[in-house]
Amino acid sequence: MITYQIVIEGTIISSVSFDKADFTPEVLICVDQSGIIDRVISATDSDYQPVKQTAQQNGSYHRVEKGSYILPGFTDLHIHAPQWPQAGLALDKPLNEWLNSYTFPLEAKFKDKEYAEKIYYSLIKELLANGTTTGLFFGSIHNEANLILAKICAKLGQRAFIGKVAMDNPDQTPDYYRDQNSQVALKQTEAFIQKMFDLQKQTNAEITPVITPRFVPSCTEETLQGLGQLAKKYDLPIQSHCSESIWEDHYALEHYHLRDTEVLDKFGLLTDKSVMAHGTQLSDQDLDTFNSRKTAIAHCPISNIYFGNSVMRVQDAHQKNVKVGLGTDISGGFSPSLYRNMQQSIMSSQVLTEQGHENARISAANAFYLATVGGANALHIKSGQIKSGFKADLQIVQDQYFNISSNEPQEIFERLIYHTNKENIKKVYVSGKLVHDNLGEE
């Protein structure tokens, strides 16, 4: 019989489609030595007891207590790592003022390596504690700080996609915080890519470099074009912002006489490995372009309420077969929790309904899909579901109202979506490795 890294017994909740989450009681999740789920064994299967007994004997068996459930880990598609210290600050300001008065001065501080280490350690610990097993990160312009972020992710066990931010347009970025010119932006980006590849080999960690133009207004044409070429050369993911706000949309129209989507596409930045944040202003034609390029959208519902000038049309994007996942957008979004963002995504969709958009509302099952399967699909990782062949990215979540509320499966599921907070997330695993333990064990 196979010796597993870990065997977890309990009830699982996992998306089976955009509209449906499955509730499966009494299973054994069998994780192999490489961190992949080898089997999910039902209590009715003939080898349920033998596998359980073997795991008990060799010390790999773990049972989830009654009233707690096993969910897939979450993928956060949009995190500005250096903005963590200002989460929740100045969210009453317009986007342009928020960037220039608060955000850019903060990000400039990350030339200090000790400061970067302190902040990034706090951020990654917090994300793991909230059930986020994979993060897509904007770093800063500082390669040393970005590599510190990567090393912390490797040490603490979070799967990470990290980008050195490129921003060289002197008209839209401050002189104290920008790449000196396009040549510097591209040279530093390529140097970061090489150092990340070296770090991958040294640590065996799941860390990936990402091509990261901040957004169209902050980059010159030369930089946008060069970044598109680097993405193609190294076959890398790309992240940026697209149609985040009316201001950003108008900038693209005024300077390029093209929509934001068209500018990014022109420079080869919309690919099947691209994730574009926000998309509140995307037109039907833009969504068609996203579909044809197989580009994903990072829906950031909390941040969009403050800066997006509208609500991202999740249902319309889904109907056009555009990949969509969730992002916290730390710190344009104040919360590091994708549970909070799932809740907000549902509430925000109702605003579209009230504005006359038909079939715009999304359900708890839809939001859960975005946080799990949607995010994983956007990054081309086999995660987000609890099934054979998938990475064992798991969170053990306690239903804090188990003893007083209905225990019908659908109602348990909805209760978890709406009531789970950090204290209810008892354990988190990334590729089968325990990375957060709120029970004080091990």
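Everything numeric here is computed off the predicted structure, so don't read it as measured data.

**Here we look at the pattern of salt bridges**
Side-chain pairing between opposite charges can occur once the charged atoms of the two side chains come close. Overall, the coordinates contain 20 salt bridges when judged by the stated rule. Here Glu190 and Lys233 are joined by a salt bridge, their closest N and O atoms 2.8 Å apart. On the criterion of sequence distance, the pair formed by Glu190 in helix 5 (residues 182-203) and Lys233 in helix 6 (residues 221-234) is long-range, its members being 43 residues apart. The partly exposed category is assigned to Glu190, whose relative accessible area is 24%. For the salt bridge of Arg415 with Asp399, the shortest nitrogen-to-oxygen distance reads 2.5 Å. Remark: Asp399 occurs in the loop between strand 14 (394-398) and helix 14 (409-419) and Arg415 occurs in helix 14; sequence separation between them is 16 residues. On the accessibility criterion, Asp399 (5% relative accessible area) is buried. Three or more residues joined by partner-sharing salt bridges are found here, namely Arg159, Glu206, Lys391 and Asp393.

**Some thoughts on helix 13 (residues 364-378)**
Between its first and last C-alpha atoms helix 13 spans 20 Å; for 15 residues at 1.5 Å apiece the expected length is 21 Å, and the two agree. Burial analysis of helix 13 places 14 of its 15 residues in the buried class, which makes it a mostly covered element. The backbone nitrogen of Ala365 lies 3.3 Å from a side-chain oxygen of the residue at the head of helix 13, namely Ser363. Downstream of helix 13 by a residue or two, His380 has a phi angle that is positive, lying close to 60°.

**Focus on the UniProt feature "domain: Amidohydrolase-related" (unreviewed entry) in the chain**
Mapped onto this numbering, the UniProt entry annotates "domain: Amidohydrolase-related" (unreviewed entry) at residues 69-435. Summarising residues 69-435: 45% helix, 17% strand, and an end-to-end C-alpha distance of 17 Å.

**What to know about the side chain of His78**
Inspection of the secondary structure puts His78 in strand 6 (residues 74-80). A polar side-chain atom of His78 sits 3.4 Å from a polar atom in the side chain of His80. Ignoring sequence-local partners within four residues, the contact set of His78 consists of Leu136, Phe138, His241, Ala277, His278, Ala298, Cys300, Gly327, Thr328, Asp329 and Ile330.

**Remarks on the nonpolar core**
By size, the foremost hydrophobic cluster in this structure holds 91 residues, and its most contacted members are Tyr120, Ile124, Phe137, Ile297, Met342 and Phe368. No fewer than three residues from each of domain 1 (6-72 + 386-437) and domain 2 (74-379) sit in this core. When sequence neighbours within four positions are dropped, the list of residues in contact with Met342 reads Phe74, Leu326, Ala367, Phe368, Ala371 and Ile417.

**Looking at the pairing of strand 15 (residues 425-430)**
Strand 15 sits mainly inside the fold: six of its six residues count as buried. Bridge count for strand 15 against strand 16 (residues 433-437) is four bridges, and the pairing is antiparallel. The residue of strand 16 that forms the bridge with Lys427 is Asp437. Joining the antiparallel neighbours strand 15 and strand 16 is a turn of two residues, in which Ser431 adopts a positive phi near 50°.

**Some details on the environment of Ile246**
Secondary-structure assignment places Ile246 in helix 7 (residues 246-256). Taking the C-alpha atoms as reference points, Ile246 and Asn309, separated by 63 residues in sequence, lie 6.6 Å from one another. In this structure, Ile246 is in contact with Gln281 and Asn309, ignoring residues within four places of it in sequence.

Parameters and conventions
- Residues numbered from 1 in each chain as written.
- Predicted model: local features only at pLDDT ≥ 70, side-chain atom pairs only at ≥ 80, totals over all residues.
- Heavy atoms only, no water.
- Salt bridge = Lys/Arg side-chain N within 4 Å of Asp/Glu carboxyl O.
- Helix = DSSP H or I, 4+ residues; strand = E, 2+ residues; numbered from the N terminus.
- Buried < 20%, exposed > 50% of the residue type's maximum accessible area, 1.4 Å probe, protein only.
- Expected span 1.5 Å × (residues − 1).
- Polar contact = N/O pair within 3.5 Å; in protein donor to acceptor, adjacent residues only side chain to side chain.
- UniProt positions renumbered as here; feature names shortened; annotations may be inferred.
- Contact = heavy atoms within 4.5 Å.
- Core = buried A, V, L, I, M, F, W, Y, C linked by side-chain atoms within 4.5 Å.
- Domains from an automatic or database assignment.
- Pairing = 2+ DSSP bridges.

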